[in-house]
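Overview (structure and organization)
Below are the chains, spelled out letter by letter.
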Amino acid sequence: MRIGELAEATGTTPRALRHYEQQGLITSARAANGYRAYDARAAVRVRNIRRLLEAGLTLDDVRVFLPCLDGDVTAGPASAKGLEVARDRLAVLDARIASQTAVRDRLAAALSQAGKTA
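Residues numbered from 1 in each chain as written. Predicted model: local features only at pLDDT ≥ 70, side-chain atom pairs only at ≥ 80, totals over all residues. Heavy atoms only, no water.

Let's talk about the overall build of the protein
In plain terms, the rule: Strands are runs of DSSP state E lasting at least 2 residues, helices are runs of H or I lasting at least 4, and numbering of each runs from the N terminus. Taken over C-alpha atoms, the radius of gyration is set against a globule rule of 2.2 Å times the number of residues to the power 0.38. In this description, contact between two residues means that some pair of their heavy atoms is separated by no more than 4.5 Å. Throughout, the Shrake-Rupley method with a 1.4 Å probe supplies accessible areas, and for residues the shown protein chains are the sole cover considered. Counting rule applied: Lys, Arg positive; Asp, Glu negative; His and chain ends not counted. Here the site of a charge means atom NZ of a Lys, CZ of an Arg, CG of an Asp or CD of a Glu.
Along the protein, the regular secondary structure elements total 5 helices and 2 strands. Put simply, the protein runs from its N terminus to its C terminus through helices and strands in the order α-α-β-β-α-α-α. Here the protein has a C-alpha radius of gyration of 20 Å; the compact-globule value for 118 residues is 13 Å, and the former is much larger. A separation threshold of at least 6 residues defines the contact pool for the protein, and within that pool the share at least 24 residues apart is 50%. Put simply, the protein shows about 7,900 Å² of open surface, and 56% of that area lies on carbon and sulfur atoms. Measuring between centres, the 18 positive side-chain charges of the protein sit 5 Å from its 13 negative side-chain charges.

A short note on helix H3 (residues 41–54)
An α-helical turn contains 3.6 residues, so a residue and the one three or four places further along point in the same direction. Threshold: Expected helix span is taken as 1.5 Å per residue step, with the number of steps being one fewer than the number of residues. Partly exposed describes any residue whose relative accessible area lies between the buried limit of under 20% and the exposed limit of over 50%, with all areas from a 1.4 Å probe on protein chains only and scaled to the type maximum.
An ideal rise of 1.5 Å per residue puts 20 Å on 14 residues; H3 measures up with 20 Å between its terminal C-alpha atoms. The complete set of buried residues in H3 reads Ala42, Ala43, Arg45, Val46, Asn48, Ile49 and Leu52. Looking at the packing, one finds that the buried side of H3 touches helix H1 (3–10), helix H2 (14–22) and helix H4 (59–62). Positive backbone phi, approximately 105°, marks glycine 56, located one or two places after H3.

Here's the deal with the nonpolar core
Rule in force here: The definition of a nonpolar core used throughout is a set of buried Ala, Val, Leu, Ile, Met, Phe, Trp, Tyr and Cys residues joined through side-chain atoms within 4.5 Å.
Grouped together as the largest cluster of nonpolar side chains are 21 residues, with contacts concentrated most on Leu17, Tyr20 and Ile49. Every element with two or more residues in this core is listed here: H1, H2, H3 and H4. The biggest single contributor to this core is H3, with 5 residues. When neighbours within four sequence positions are excluded, isoleucine 49 is seen to be in contact with Tyr20, Leu25, Ile26, Leu59, Val62 and Leu69.

Overview of the environment of threonine 74
Structurally, threonine 74 can be placed in the loop between H4 and helix H5 (80–117). Judged by relative accessible area, threonine 74 falls into the exposed class, the value being 55%. Here the alpha-carbon distance between threonine 74 and asparagine 48, two residues 26 residues apart in the chain, equals 8.7 Å.

Comments concerning H5
In this model, H5 (38 residues) spans 56 Å end to end at C-alpha, consistent with the 56 Å of a helix rising 1.5 Å per residue. For H5, the complete set of buried residues consists of Gly82, Val85 and Arg89. Next to the buried residues of H5 lie H4.

Topic: the pattern of salt bridges
The condition is simple: Criterion for a salt bridge: a side-chain nitrogen of Lys or Arg within 4 Å of a carboxyl oxygen of Asp or Glu.
Taken as a whole, this structure holds 7 salt bridges when the rule is applied. As a salt-bridge pair, arginine 41 and aspartate 39 come within 2.9 Å of each other at their nearest N and O atoms. A salt bridge links aspartate 105 to arginine 104, with the shortest nitrogen-to-oxygen separation between them at 3.5 Å. Judged by its relative accessible area of 42%, aspartate 105 falls in the partly exposed class.

Written out as structure tokens, the structure is:
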């Protein structure tokens, strides 16, 4: 299948697919006309990549899951490395949320104070 077909089948964009390929997460063959050609298994892999990204992982994190991206990534037992990556990413997200909550609280306090003096 060509890049547009794969994008449509997986709910992504050709640009994202080219990026995944550049990152070594998917591969394609080149047709005589230079177009990318993907096999049917690429759709499963792309859906799994998207599922992991939607769960909060980064493309670098997704690399750890390469051995299981061609099947049901959620069905098998989690690897120790996969769990470590997920826990590390969760810690990063928790830290970002805490930081943003502190900023929000400071802004809310400033607005509250400004409302008392206005």
